[in-house]
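Remarks on the overall topology
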Amino acid sequence: MTTTTEPAPAPGIGASVLDPDLVVEVRNVTRRFGRVPALSDLNLLVPRGRITVLLGPNGAGKTTAIRIVTGALNPDRGYVRTFGADPNVLGEEVRRRCGVVSAKPALYDRLSGWDNLQYAAELYGLGRNAVGPIREAAARFGILEALDQQVGGYSTGMKTRLALARSVLHDPDLLLFDEPTSGLDPESSHAVLELIREMTSDGRTVIMCTHLLIEAEGLADQIVVLENGSDLLTGTQEELTRRYWPHDTVHLDAEDPSMLDRAADWEGVLSLQHVQTARGSRVELQLDDLRRVPDLIARLAAEGVRLTRVEPHQPTLEDLYFAVRAERRAQAVGARP
């Protein structure tokens, strides 16, 4: 099969421009393993100094996308630039500026933590006198005191911290983390995610893959939702939330829910509907402005409505993800003959 890396760009995408604010450009990329599609017309633009989270279920193409970015895999078709260079041509130079932590990092269990980092330092070209970088990286991830221990005796969390320390030894510009909290307890996961957030404070760029919605929430500067190797949507959590919930929403309940229907035609109320949930029913109001809520409550109370619940709705990333999936399912059903 002939590999083409720069086809004519698709409509709406445009030709590549070496935007200094973009560390990674992936445009219209397709990659197959035999007959199995791993990526299908994937577009991914990663801004400098930000955390981009690739979010999707297992098998969505997240790991393949990471490997395309570093040049570890070639696309069957599409345009890829990392630091403005084609990683399939200048892969060694690109990878030298990357730090990678895979879902199952390859560590040498029979060696000490220090020896693992020393070996990595030599591979990165730092030589055998990389004491400073090793100690600094280990201290940053809280494993300095454990470096003389054999890695086979490390906990899962300690091994993850060692892999993270190894990834920053050579002071890379781009960090790529594939499911970095896999197998960690909640406390260790939180600590690792906080460390990842800190990495952008000195100008590093981070791409992180996860299937856990809670990890992306509050961490991602940009979210890219993947499914079946394609990007479904891209944006900040606020931008994506506004796409599916363009108006402010408040959830209400009352001793007699039917009495809430009187608010349907009040000023500022855009819609009112009764929603059935696993915990019972509720009334969902869409408003033109949440600042109307106090007056709304006062008027309902004045008319004898005994409210039992008033809750402004702040959609979570989980809400967003399932809204996207529901939309895609509806589109698929509508497209069937």
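Thresholds applied
- Residues numbered from 1 in each chain as written.
- Predicted model: local features only at pLDDT ≥ 70, side-chain atom pairs only at ≥ 80, totals over all residues.
- Heavy atoms only, no water.
- 1 Å grid on protein atoms, 1.4 Å probe; cavity = no way out; pocket = protein on both sides within 12 Å on 5 of 7 lines; lining within 4 Å.
- Points joined across faces, edges and corners; volume = space filled by probe spheres on them.
- Helix = DSSP H or I, 4+ residues; strand = E, 2+ residues; numbered from the N terminus.
- Nonpolar A, V, L, I, M, F, W, Y, C, P; charged D, E, K, R; others polar.
- Buried < 20%, exposed > 50% of the residue type's maximum accessible area, 1.4 Å probe, protein only.
- Pairing = 2+ DSSP bridges.
- Right-handed = clockwise from strand over helix to strand, strands pointing away.
- Contact = heavy atoms within 4.5 Å.
- Core = buried A, V, L, I, M, F, W, Y, C linked by side-chain atoms within 4.5 Å.
- Phe/Tyr/Trp six-rings, centres within 6.5 Å; stacked < 30°, edge-to-face > 60°.

Quick word on the layout of surface pockets
Taken as a whole, the largest pocket encloses approximately 620 Å³ of empty space. What lines the largest pocket is a set of 23 residues, and nearest its centre among them are Arg95, Cys98, Gly99, Val100 and Tyr124. For the lining of the largest pocket, the secondary-structure elements that each account for two or more residues are α1 (62-70), α2 (91-96), β5 (98-101) and α3 (113-123). A class-by-class count of the residues in the lining of the largest pocket yields 12 nonpolar, six polar and five charged.

Section: the pairing of strand β7 (residues 205-210)
Most of β7 is tucked away, with six of its six residues classed as buried. Burial of the side chains of β7 extends over both faces: Thr205, Ile207 and Cys209 are buried on one face and Val206, Met208 and Thr210 on the other. Where strand β3 (residues 51-55) lies against β7, five bridges are found, and the strand directions are parallel. The partner of isoleucine 51 across the bridge, within β7, is valine 206. Bridging between strand β6 (residues 174-178) and β7 involves five bridges; their strand directions are parallel. Residue pairing in the sheet places leucine 174 in a bridge with threonine 205 of β7. Read from β6 through helix α6 (residues 186-199) to β7, the crossover connection turns out right-handed.

Things to note about α3
For α3, the complete set of buried residues consists of Gly113, Asn116, Leu117, Gln118, Ala120 and Ala121. Residues of α3 that are buried sit in contact with α4 (131-140) and α5 (156-167). One or two positions beyond α3, positive phi appears at glycine 125, with a value near 85°.

A closer look at the nonpolar core
Within the largest apolar cluster, 50 residues are counted, with the highest numbers of intra-cluster contacts made by Leu117, Phe177, Ile196 and Met208. Those residues within four positions of leucine 117 in sequence are excluded, and the remaining contacts are Ile134, Ala138, Leu147, Leu162, Ala165, Arg166 and Leu169. Membership of the second largest hydrophobic core comes to 26 residues, among which are Val29, Leu42, Ala60 and Leu176.

Overview of the packing of aromatic side chains
Tallying each qualifying case throughout the model produces two aromatic pairs. With centroids separated by 5.6 Å and ring planes inclined at 85°, the aromatic side chains of tyrosine 108 and tyrosine 119 adopt a geometry described as edge-to-face. You can see tyrosine 108 sitting in the loop between β5 and α3 and its partner tyrosine 119 sitting in helix α3, a full 11 residues away along the chain. Geometrically, the ring pair formed by tyrosine 244 and tryptophan 245 is tilted, given 6.4 Å between the ring centres and 55° between the ring planes.

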